[in-house]
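A closer look at the structure
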Protein chains: 2
Amino acid sequence: MNAEALLKSHGLRKTAGRLAVLALFAKREKALSHSELQEGVTENVDRVTLYRILESFEQNGILHKVPDDQVSVKYALCDHDHEVGEAHSDNHAHFKCRVCGDTICLDDSEIPTMQVPEGYSVEGSLLLISGLCSKCA
Amino acid sequence: MNAEALLKSHGLRKTAGRLAVLALFAKREKALSHSELQEGVTENVDRVTLYRILESFEQNGILHKVPDDQVSVKYALCDHDHEVGEAHSDNHAHFKCRVCGDTICLDDSEIPTMQVPEGYSVEGSLLLISGLCSKCA
DNA sequence: TTTGATTTTGCAACATTGTTGCGTTTTTGT
DNA sequence: ACAAAAACGCAACAATGTTGCAAAATCAAA
Ligand SMILES: [Mn+2]
Ligand SMILES: [Mn+2]
Ligand SMILES: [Zn+2]
Ligand SMILES: [Zn+2]
């Protein structure tokens, strides 16, 4: 399905910005950040417009957001001692309530090992479960 | 282990800001964001200083970062059709290379179901694996 | 208890990311 | 060609995080 038809099938108008975004996704075959798109796109697209293009694509299921690490806006006390220095991975999952926003450690959990492509190596993982806590249920 | 001893055991000096941060973590028993700490802490701590307190605590294994959702800095093309509207969860894991930063979808993967506390309900989950890609290995 | 090296702080300045409002332009079907 | 709807560009703002530097506080040794 080419870019034009894709837009039409979702009732989205054909604009230079949208075509440029789709073209870039077609060329680079990986997840792209807003800034990567901003730089990589041939057209001069306004920064805000680009956000809105991505928003419209997401609402129409053309693309989806991908979590990025180094994002951590929250902190929790470690429940055991750690070596000073290197990132003590704390290999457990976390739960965040959609309503109250509280985030707790699932200390007893263990993030399962996942299969990665040939030649890739795993150093860490991050599992965030979202839903309702007992208070907000 | 009380707050003073904790600081001393890591060679961190005892300051009003650090004690206030530890006190708040002791009172609220959950993960806290920088802004939550900023507001909740009794002492008047400079915003930058608070960042540095958290940094020092993290380096010493006193606390650890917790991933937060609504973070999505990247976007990927959906590999199948989605309904317009509600968050098509795309229940697969993602891999991000530590060196080149490339993020790919592990489309074939499925995020395992995790056990959550009594009364909690799961709506979605987010699994980000980090490591080295074959190009950067 | 004074001193002095070291750590920590506060402040200013800046960068990045994301959002909202609004007037203008572009797209598309008629 | 026309008009309604959609999309855009721009300005302004907010939140989050970073860096440099001078002043202040801490701590241990004298
Ligand atoms: Mn945790
Ligand atoms: Mn994906
Ligand atoms: Zn809740
Ligand atoms: Zn790589």
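Residues numbered from 1 in each chain as written. Chains lettered and ligands numbered in written order. Predicted model: local features only at pLDDT ≥ 70, side-chain atom pairs only at ≥ 80, totals over all residues. Heavy atoms only, no water.

What follows concerns the coordination of the zinc ion (ligand 4). Residues and elements named next belong to chain B. Within the protein, Cys97 (SG), Cys100 (SG), Cys133 (SG) and Cys136 (SG) serve as the donor atoms for the zinc ion (ligand 4), at 2.2 to 2.4 Å. In this structure, the zinc ion (ligand 4) is surrounded by 4 donor atoms whose angles at the metal cover 105 to 115°, and the resulting shape is tetrahedral. Looking at cysteine 100, the relative accessible area reads 30%, which means it is partly exposed. Among the residues examined, cysteine 133 registers a relative accessible area of 6% and is labelled buried. (Donors = N, O, S within 2.8 Å, 3.2 Å for Na, K, Ca; no water. Tetrahedral: all angles 85-135°; square planar, octahedral: opposite > 155°, others 65-115°. Buried < 20%, exposed > 50% of the residue type's maximum accessible area, 1.4 Å probe, protein only.)

The environment of DNA strand D is formed by 18 residues, the closest being Arg18 and Arg52 of chain A together with Arg13, Lys14 and Arg47 of chain B. A distance of 2.7 Å is found between a phosphate oxygen of DNA strand D and a side-chain nitrogen or oxygen belonging to arginine 18 of chain A. Here arginine 47 of chain B contributes a side-chain N or O atom positioned 2.9 Å from a base nitrogen of DNA strand D. Secondary structure elements with two or more residues in the surface near DNA strand D: helix 4 (47-59) of chain A together with helix 4 (47-59) of chain B. Of the residues belonging to the surface near DNA strand D, the class tally is 6 nonpolar, 4 polar and 8 charged. (Near = heavy atom within 4 Å. Polar contact = N/O pair within 3.5 Å; in protein donor to acceptor, adjacent residues only side chain to side chain. Helix = DSSP H or I, 4+ residues; strand = E, 2+ residues; numbered from the N terminus. Nonpolar A, V, L, I, M, F, W, Y, C, P; charged D, E, K, R; others polar.)

Right, let's get into the sheet that holds strand 5 (residues 103-106) of chain A. Spatially, 6 strands are ordered 5(A)-4(A)-6(A)-6(B)-4(B)-5(B) in an open sheet, and the strand pairing comes out mixed. Edge positions in the sheet fall to strand 5 of chain A together with strand 5 (103-106) of chain B, since each of these pairs with one other strand and no more. Here the strands of the sheet are splayed against their neighbours by 25° on average, with no regard to which way each runs. Inspection of the sheet shows strand 4 (residues 93-97) of chain A paired to strand 5 of chain A by 4 bridges, in the antiparallel sense. (Pairing = 2+ DSSP bridges. Axes fitted to C-alpha atoms, helices over the stretch in contact; angles between N-to-C directions.)

This next bit is on the coordination of the manganese ion (ligand 2). Bound to the manganese ion (ligand 2) are the protein donor atoms His64 of chain A (NE2), His92 of chain B (NE2), His94 of chain B (NE2) and Cys105 of chain B (SG), situated 1.9 to 2.6 Å from the metal. Here histidine 94 of chain B, found in strand 4 (residues 93-97), pairs with cysteine 105 of chain B, found in strand 5; they are 11 residues apart in sequence, far enough to count as distant.

All names here are of chain A. Per-residue confidence for chain A averages 82 on the pLDDT scale, and 82% of its residues sit at or above 70. Within chain A, helix 2 (residues 16-27) carries the highest mean pLDDT (94), whereas strand 3 (residues 74-77) carries the lowest (55). Residue range residues 82-88 is modelled with pLDDT below 50. Its contacts to residues more than four positions away, or to other chains, number 14 contacts. (pLDDT = per-residue confidence, 0-100. Contact = heavy atoms within 4.5 Å.)

Looking now at the protein's contact with DNA strand C. The local shell around DNA strand C holds 19 residues, among which Arg13 and Lys14 of chain A together with Arg13, Arg18 and Arg52 of chain B are the closest. For DNA strand C, a base oxygen lies 2.9 Å from a polar atom in the side chain of arginine 47 of chain A. One nitrogen or oxygen atom from the side chain of threonine 15 of chain B is found 2.9 Å from a phosphate oxygen belonging to DNA strand C.

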